[in-house]
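Below, each chain spelled out in residue letters.
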Amino acid sequence: MFLLRAGLVAAMFAATLVPTTAHAVAATTYYVDADGDDSAAGTSPDSAWRSLAKVNATTFQPGDIIRFQGGDAWHGGLVIKSSGVTVTSYGQGRPLIAGDTLVDAAVLLDNVREVTVRGLEVTNGTDLSVSKTTTYRGIFAIAKDIGEVPGIVIADNYVHHVDGKGGPVIGKGGIAVGVRGNTTPTWYSGLRIEGNEVADINAYGISTFTTWCASCEIYSAETGIPAGEVSPTRKAFTAAVFRDNYVHDVTAGGITPQYIDDALVEGNTVDKAGSHLKVRAGNNAGIWWQGTNRITVQYNVVRRQGYDSFNYPDPVDGMAFDADMGSSNSLVQYNYSDSNAGGFFMCLISANNVTVRYNVSNHDHFRPFSIWSGCWNLRGYNNTIWGTTDTITRHRPDGTTFQQDTEAFVRSQSSSSNVLFNNIFYNPARATFDCRRSCDHGSDVPMNYSHNLYWDTSGSPVLPRGDAEPIVGDPRLAAPGTRLPESGRISREQLLTVLRAYTPAADSPARDAGLSAATAPATDVLGTAVPAGAPDLGAVQHPVKTHVTSNAGPHAGPVADGDPATSWTSTKAGGKIMIKYGEPRTIDGLHLAAQGDGPAKITVLTRDAAGEWVTRAEDHELTWSGDLEWLRIPFAGPVTTDEVRLLFSAGDRERITLHEVRGSLGKIAAASAHAGGNAQTTLGTSIGDIQAITDGNPGTSWASADNPKLPGSVSVTWSKAHTIDSVRLTVAWGQGQGPTRVDVQTRAADGTWVTQVADHPLTWQLNSTTPESPSIALPAPVRAHGIRLVVKAANLWWGHLAIYEFAGYSGTTPVVDNPGTDKLPYAGHATDGDPATTWRGPDAAGTGLQVDPGAPQTVSSITLTAPVGHRPLRIRVQALTGGAWKQVLAATDLAWTGDTITVPLPGRVTGDAFYVIVDRSTGGYDLAEVTLN
């Protein structure tokens, strides 16, 4: 039987899977058959080997291919220790590698490079119905102290039934890729995990980990990796791709990339992750990432996260997507989230520069948005969040259950310049946007909202504090709530069919109701171009045709194609460019992109409703450097037009080259919120947000910069005076990161700090997650406007000190400064062009205002307008360039001579946003206008 089957397939594979390595000419294909013979040559189906032991004991050469007979099964572990090989199948069906919990990993890639594993069926379990002491792996690639590891491909495998604890166990589960060691920087480059089905796993679906993570939390209890093995240096994986995988019915996260730069997570279906738990634990998130930089998460479907396992007390997670600890510059776009127990999106613990745009959330429960302490610079725009009145079952520790409704539509406990704009919020449960102390994790802080649409079945929807320009009305979408197929991998076309159901009708109040964003993509979730000027609200734009012509050269279309990488060059030194829109657009200026050969002078005209041409800018002079720059031509105010005409001159040159002409509307402004007192520190920050020490929640924390310079201070200022007789400090892991000697100071009415207690010793009894809260009594009750802790010594086991809460007390009552009732001043007043409106900044150094100019802009100076008596006295400026914030102006003292001051930057800076940070003021500050020049 073996010889007959082998003979039938021998010719079929003679010329397939040609290796791509430099050794391809000398490559050998080996065959393994359950009816084979280990003493045979193994180089043809007729002479196939029989056992895993034979394969494991063989040293292969780069380019070799190891084929297992489809439909056959092997029990035990397959170990690949040779680089440059491909492991795959031949014949019909998949070969099964069944670990049977005899090995840690059914398929192990041990310190190898350039290896492909394709087309296998892999299991490693005996009974998924119970929790096991040990958690196993299906396919596991591990590298230790060997430098770069390129070319690992794990594709088109079916990995299922892997035993484990039945909860979240980092680095274990279906497919895992990890790095250990700390002597030679080691990382995977170009890792590809594609087209796999991963199912029925009592741990994670797909995950990565590394010890080269700059002293990160390695979760030693779960990974088994001692904390001492973690390197203080960060060496992340690079350019990993997680594409078109179908992950379902796993007890932890579905797809979890950790410590990867430039990762792409695309086109995956994750269903019922964080579900079927065998132990009480959190539900993770369907797709979550930690320690990444520049990750893109797009075109994924995540549904039913936390299915049948949504636990109580508050699990925090259980949502579709999570930008977690230490992740930077995350882009989350074009995704669909459906019926997830914990909600749509979460951001927390030092995740920063997060863009969440053009996604659709349908029927997500509990908390559609969770923005926890430590998340900063989040931009959530043009999302459609379609809520539900349905409840979700939650499980108590005693085995009973109850029905959980939507706690809040948005939870926000981060003060750090986060903003939600241009979204559609359908909130039929009438859930709050502003949780008070009755909610889990204490009161929220207010955040920035602008130009969102709010609706529910009552016709009088709940609105957040802080959205000064809400749009209220039925968005009149085509068929919201349209469902996906009940199960299976969701194809791109199936996804697009559901997304089309969220298209606004022609008479929808969402049409043309948004503001322009500098970071806006060229297209929406359906691939429709994002139009010039006011976009539609929500994830789906209606199509607007744009036609460009010029009397100074043919083929002028690239100047309005949304892609600054394309360009048009004129055939002469002057002429007209005509940009005609398929319908009227509202704009308040143009942004022109060019390099050194852009136009020297521009006159802009628009056609009004009567067909008359109106001059909006005349002989506007432009100066270009050799880099690609974006120069803005402002109008006096918003203009509605169906055609823009540019009359240009090249100056002393023979022609011009333009990369883009973009009409924009408005500016997005975001400010810091400080509910419960303004917290600040001189000790820097490595983890979390300093505002966490005032949020009333001992589960959130702030950690100083590594190796902080002592003494240094942590302070909390209040909006009014409070009488206190003690202060209380809360710290977990106190023996490792608690202050050990401190001064306590109080703030007087004139702003000076007065020492009340000097050199107070603190002794910590614990080094665990259990918080300790020692109280420090003052000599006498004091009327104070704030409190300050001067840290003179501290436990620095991990290089930093940490504080979870710091509060003043009167008896047993903590100071609560306007708990949960403060409204964040509307930051848009500082960018609305009206100097009569102002934004009030907090009395806290290091706060300020971020401005998104609506399109990229090249800036050489910034003009501030502020009333006398409440002016910034020292500022810094950062710019969002290339996806990261960079300081472009060092601390600069301001010498005001009137209501307006222009501050030059050291050079021309092109950015998507600019952050004016106020380091010193006189008891707070007002900004009437912030103008980018």
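None of these values were measured; they are calculated from a predicted model.

1. What about the pairing of strand S49 (residues 601–607)?
Successive residues of a regular strand alternate their side chains across the two faces of the sheet. Judged by how many residues are buried, S49 sits mostly within the fold: 5 of 7 residues are covered. Two strands pair when backbone bridges link them, and S49 and strand S50 (residues 613–621) are joined in this way by 6 bridges, in the antiparallel orientation. Bridge pairing in S50 links Thr606 to Val614. Hairpin connection between S49 and S50: a loop of 5 residues separates the two successive antiparallel strands, and Gly611 in this loop has a positive phi of roughly 85°. As paired elements, S49 and strand S51 (residues 629–649) share 6 bridges and run antiparallel to each other. Bridge pairing in S51 places Leu605 opposite Arg645.

2. What about the UniProt feature "domain: F5/8 type C" (unreviewed entry) in the chain?
Look at the UniProt record and you will see "domain: F5/8 type C" (unreviewed entry) annotated at residues 532–664. With 0% helix and 54% strand, the stretch residues 532–664 has end C-alpha atoms that lie 6 Å from each other.

3. As for the pattern of salt bridges
Per the stated rule, a full pass over the model turns up 33 salt bridges. For Arg465, the salt bridge goes to Asp434, with nearest N and O atoms at 3.0 Å. Taken together, the residues span a long stretch of sequence, with Arg465 in the loop between strand S44 (453–455) and strand S45 (471–472) and Asp434 in the loop between strand S42 (424–426) and strand S43 (448–450) at a distance of 31 residues. With relative accessibility at 10%, the residue Arg465 sits in the buried group. By relative accessible area, which is 10% here, Asp434 ends up buried. For the salt bridge of Glu629 with Arg908, the shortest nitrogen-to-oxygen distance reads 2.6 Å. Pair noted here: Glu629 is in strand S51 and Arg908 is in strand S70 (residues 900–911), with a separation of 279 residues, a long-range link. A residue is classified by how much of its surface remains accessible, and Glu629, at 4% relative accessible area, is buried. By relative accessible area, Arg908 is classed as partly exposed at 39%. Within the structure, one salt-bridge network assembled from shared partners comprises Arg192, Glu194, Arg243 and Glu266.

4. Description of the sheet that holds strand S54 (residues 668–671)
With antiparallel pairing, the 5 strands of this open sheet are ordered in space as S54-S66-S71-S68-S69. Of all strands in the sheet, those with a lone pairing partner are S54 and strand S69 (884–893), marking the two edges. Ignoring strand direction, the axes of neighbouring strands in this sheet form an average angle of 20°. Direction of pairing for S54 relative to strand S66 (residues 847–852): antiparallel, over a ladder of 4 bridges. Looking at the pairing, Ala670 lines up with Gln850 of S66.

5. Focus on the sheet that holds strand S73 (residues 929–932)
Strand order in the open sheet made by the 3 strands is S70-S67-S73, with antiparallel pairing throughout. A single partner strand is all that each edge strand has here, and the edge strands are S70 and S73. Strand-to-strand twist in this sheet, taken as the mean axis angle between neighbours without regard to direction, amounts to 20°. Both strand S67 (residues 857–865) and S73 contribute to a ladder of 4 bridges, which runs antiparallel. Paired with Leu864 across the two strands is Val930, which belongs to S73.

6. Quick word on the packing of aromatic side chains
In this structure the tally under the stated criterion is 28 aromatic pairs. Their ring planes at 50° and their centres at 5.2 Å tell us that Tyr188 and Phe237 sit as a pair that is tilted. Placement of the pair is Tyr188 in strand S15 (residues 187–189) and Phe237 in strand S19 (residues 237–238), with a sequence separation of 49 residues. Ring centres 6.1 Å apart and planes at 45° place the aromatic pair Phe344 and Phe345 in the tilted group. With a relative accessible area of 0%, Phe344 lands in the buried category.

7. A word on the state of the cysteines
Across all of its chains, the model carries 2 disulfides by this definition. A sulfur-sulfur distance of 1.9 Å marks the disulfide that ties Cys213 to Cys216. Its S-S torsion of approximately -60° makes the covalent link between Cys213 and Cys216 left-handed. Comparing Cys213 with Cys216, the two get one shared label, buried. Note on cysteine connectivity: Cys347 is disulfide-linked to Cys375, with sulfurs 2.0 Å apart. Disulfide Cys347 to Cys375: torsion about the S-S bond roughly 95°, handedness right-handed. In this pair, Cys347 sits in strand S32 (residues 343–347) while Cys375 sits in the loop between strand S35 (369–371) and strand S36 (376–381), placing the two residues 28 residues apart along the sequence. Residue classification places Cys347 among the buried positions, given a relative accessible area of 0%.

Reading the values: rules and limits
- Residues numbered from 1 in each chain as written.
- Predicted model: local features only at pLDDT ≥ 70, side-chain atom pairs only at ≥ 80, totals over all residues.
- Heavy atoms only, no water.
- Buried < 20%, exposed > 50% of the residue type's maximum accessible area, 1.4 Å probe, protein only.
- Helix = DSSP H or I, 4+ residues; strand = E, 2+ residues; numbered from the N terminus.
- Pairing = 2+ DSSP bridges.
- UniProt positions renumbered as here; feature names shortened; annotations may be inferred.
- Salt bridge = Lys/Arg side-chain N within 4 Å of Asp/Glu carboxyl O.
- Axes fitted to C-alpha atoms, helices over the stretch in contact; angles between N-to-C directions.
- Phe/Tyr/Trp six-rings, centres within 6.5 Å; stacked < 30°, edge-to-face > 60°.
- Disulfide = S-S within 2.5 Å.

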